[in-house]
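Each chain is listed here by its residues.
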Protein chains: 2
Amino acid sequence: MPSSTHAASWLDLPADHPFGVAHLPYGVFSTADHGPRVGVRIGDDVLDVSEVARIGRDAVGVGDGPDLTAAWEQPSLNAFLELGHDAWAVARSWLVEVLTDAAHAERTRPHLVPLDDVTMHLPVEVADYVDFYASEHHASNVGRIFRPDSEPLTPNWKHLPIGYHGRSGTVVVSGTDLVRPRGQRKGPTDPAPTFGPSRKLDIEAELGFVVGGSSTLGEPVPVGRAAREHLFGVVLLNDWSARDIQAWEYVPLGPFLGKSFGTSISAWVTPLAALAAARVPLPAQDPEPLPYLRGADDEVFGLDLHLEVVWNGTVVARPEYRDLYWSPAQMLAHLSVNGASIRSGDLFGSGTISGQAKETRGSFLELSWNGTEPVRLDDGSERTFLEDGDTVVLRGWATGTDGGRLELGEVSGTIRPAATA
Amino acid sequence: MPSSTHAASWLDLPADHPFGVAHLPYGVFSTADHGPRVGVRIGDDVLDVSEVARIGRDAVGVGDGPDLTAAWEQPSLNAFLELGHDAWAVARSWLVEVLTDAAHAERTRPHLVPLDDVTMHLPVEVADYVDFYASEHHASNVGRIFRPDSEPLTPNWKHLPIGYHGRSGTVVVSGTDLVRPRGQRKGPTDPAPTFGPSRKLDIEAELGFVVGGSSTLGEPVPVGRAAREHLFGVVLLNDWSARDIQAWEYVPLGPFLGKSFGTSISAWVTPLAALAAARVPLPAQDPEPLPYLRGADDEVFGLDLHLEVVWNGTVVARPEYRDLYWSPAQMLAHLSVNGASIRSGDLFGSGTISGQAKETRGSFLELSWNGTEPVRLDDGSERTFLEDGDTVVLRGWATGTDGGRLELGEVSGTIRPAATA
């Protein structure tokens, strides 16, 4: 890893801090005496950015730019997202200046709040949530497990990024407990379905993309505009999945209750701008995609992001995001090519991130091969699917624009027993 | 049909008017000098209900009830929906009183706006949109067309109301034009998919259910509570569908771009309370559903609603809603049985309403049997799927609580040519 060269800051921040000035993720926080508003994480503090923007506006006379104060006073990022990509760039430059130029230190320091004193909230009021299926290895593994008599990949898989809509109302912030879902389950040899708690409760380790800016119904968003104007940032995303419920319900209209009981995202949204140094070429796409899915290298790209799946404290998998077949801009261009409009606050998931090697698989379905190969945890216990009380944490990191390590906000969740009523 | 016995009204309204005091559907309207707010249709006028509620509050001193004035000043029904079922009942009783007791005539009359002077808007800010698949005849027909080598109904169909999430951001109000979607299409014998405008653009005649009140994540909503507390009202819903795009994309994760380019709903939401006399028993359910899908007769019911599908002025089908297999309360209970929370503004569609007889089929896919049996219109032209410029109107009616004919708000849309860029 290159040595860290964070821009100097007046903050007392270790040079290798993963939340340095090269990162600056956005979230929504509240304190004991003040309701939810936008904050930016710097070191182990949250910067109350609407307060700082207010000082900037009043003292420095930033009257012509976007109204960041008003956008950041909101209890979600949606208003800021709607300001558009030019405003995001202005905001980021200005935050870097505020945090590095000692002239701002005195005015800014009072608006730093220790992480321990804040409660984090869902950062985005999710408009529409779409989940893609962009990992070839994941799709192949699931095909082998769920449809053993067919080709692992469906014939459409390499022609289009397969996706489907999920439930935006059940997207929750990291730290929210998940109640084990109940539903209908029927094994291949069972005479009829039975009702009860899911016995195959799983995770999916994904990256989520937060969309900013809106488009007009009937007007597709091409790959280039998707990449430059609408991809705001990323979150870690755990697409909790009840495999037994899913297996019985999903033909012919797709997953529904096997997924809709909860989707967890990290509290911090890392701007794409912070991941400029992590951009890498996609794996080769063969056959060549149709023209509407093609783009220049700065439009169609992968990301060199490293994930960890932590199960009750044990790292059980290390998925690599760069293995994914489809680029986020291709996913967004595909999503809208039929004229579907996008809105600020739309969220789309990459689909489970799995590589070829067993230790890079991003779901327990794959890691345990549908329960046939238990996973051993550090405490000596074995797992196939989730048990009540289990906690899963997803972590991720990349190399920042300054060469240092940049950590995505983690996403964690603990399983509570199923409802009894 | 029984003779009409509308409650007497001080309004100069024909006794058999389908928007009489036994109906009172809600919508959102604007006028030249005033932005969108909630209105109630009475006769050929819109009652500006927040203004009337304000008079009631100030003059009659209704201080203890729900704040209808504030809820009805909003540009969507969501705030009113969130007030809950008791408030809906209070509001309905009060509106009937205002419109029938001559003592209210003088104060109320100034707040009646002729339909010709208003613009109607999307009545609900749609939270999550789910589309079900509750017609046995529709599911069987689609199965025969899309999966000719398999049983028409999938094995799960009679055990659970199959559904999936659609795109809430592209739900539009009646009268909105639809741009023909473009996308990937691949026939069974084509070597590879091609990109272009859909050649099999279709409709689906459905009933949409508007949900009010919210539930807690992790706590299912049982059938009885679904029926009594959360089913607010109905709209006619046209689930525009690009069959060629859908056929290529939908395995394994379900319909996506074949549906997400637009879903039209009527501007008027008819309260379930107005459809009390239209409740009918469901067709027999065999096998008996699992306990969580069972309910008393006043919880699990069908609706005797009659639809018309009008293609460029010709009535091409007359679907009967009472043919549907699953009850709306069963659909909502199923949707949440995994603990998924519901929100005011959630919308779910019944799925295409098709009966056994050809003339009761609610999609052109079925009416033309995937394009092999053209439909003749009154102007002598023939159709299989939609052509540019075509207009489709869905109408519906039922018998109201006063024995008169109650017409649902219609939903119409016209197809514009595909984008060329």
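Residues numbered from 1 in each chain as written. Chains lettered and ligands numbered in written order. Predicted model: local features only at pLDDT ≥ 70, side-chain atom pairs only at ≥ 80, totals over all residues. Heavy atoms only, no water.

K.L.:
What should I look at first to understand the domain arrangement of chain A in this one?
P.N.:
A common way to express how large an interface is: the accessible area buried when the components associate. All names here are of chain A. Structurally, chain A comprises domain 1 (26-120) and domain 2 (129-416). Of the residues lining the interface, 16 residues belong to domain 1; the matching set on domain 2 comes to 19 residues. Buried surface at the junction of domain 1 and domain 2, both sides included, amounts to about 1,400 Å², of which 68% is carbon and sulfur. At the boundary of domain 1 and domain 2, one finds zero salt bridges. Run the count over domain 1 and domain 2 and you get four residue pairs in polar contact (both at pLDDT 80 or more). At the level of secondary structure, the elements contributing two or more residues to the side of domain 1 that touches domain 2 comprise β1 (26-31), β2 (34-42), α3 (78-83) and α4 (85-100). In terms of residue count, the dominant contributor to the side of domain 1 that touches domain 2 is α3 (four residues). Of the residues in the side of domain 1 that touches domain 2, the class split is nine nonpolar, four polar and three charged. (Domains from an automatic or database assignment. Contact = heavy atoms within 4.5 Å. Buried area = accessible area lost by both parts, 1.4 Å probe. Salt bridge = Lys/Arg side-chain N within 4 Å of Asp/Glu carboxyl O. Polar contact = N/O pair within 3.5 Å; in protein donor to acceptor, adjacent residues only side chain to side chain. Helix = DSSP H or I, 4+ residues; strand = E, 2+ residues; numbered from the N terminus. Nonpolar A, V, L, I, M, F, W, Y, C, P; charged D, E, K, R; others polar.)

K.L.:
I would appreciate a short explanation of the interface of chain A and chain B in the present structure.
P.N.:
Opposite the 56 residues of chain A that make contact, chain B presents 56 residues. Contact between chain A and chain B buries roughly 5,300 Å² in total, counting both sides, with carbon and sulfur atoms accounting for 63%. Joining chain A to chain B, the criterion identifies two salt bridges. Here chain A and chain B share 24 residue pairs in polar contact (both at pLDDT 80 or more) between them. Where the side of chain A that touches chain B is concerned, the elements lending two or more residues are β6 (129-132), β7 (163-166), β10 (182-185), β11 (194-197), α8 (243-249) and α9 (328-336) of chain A. Looking at the side of chain A that touches chain B element by element, the count peaks at four residues for β7 of chain A. Taken together, the residues of the side of chain A that touches chain B sort by class into 32 nonpolar, 17 polar and seven charged.

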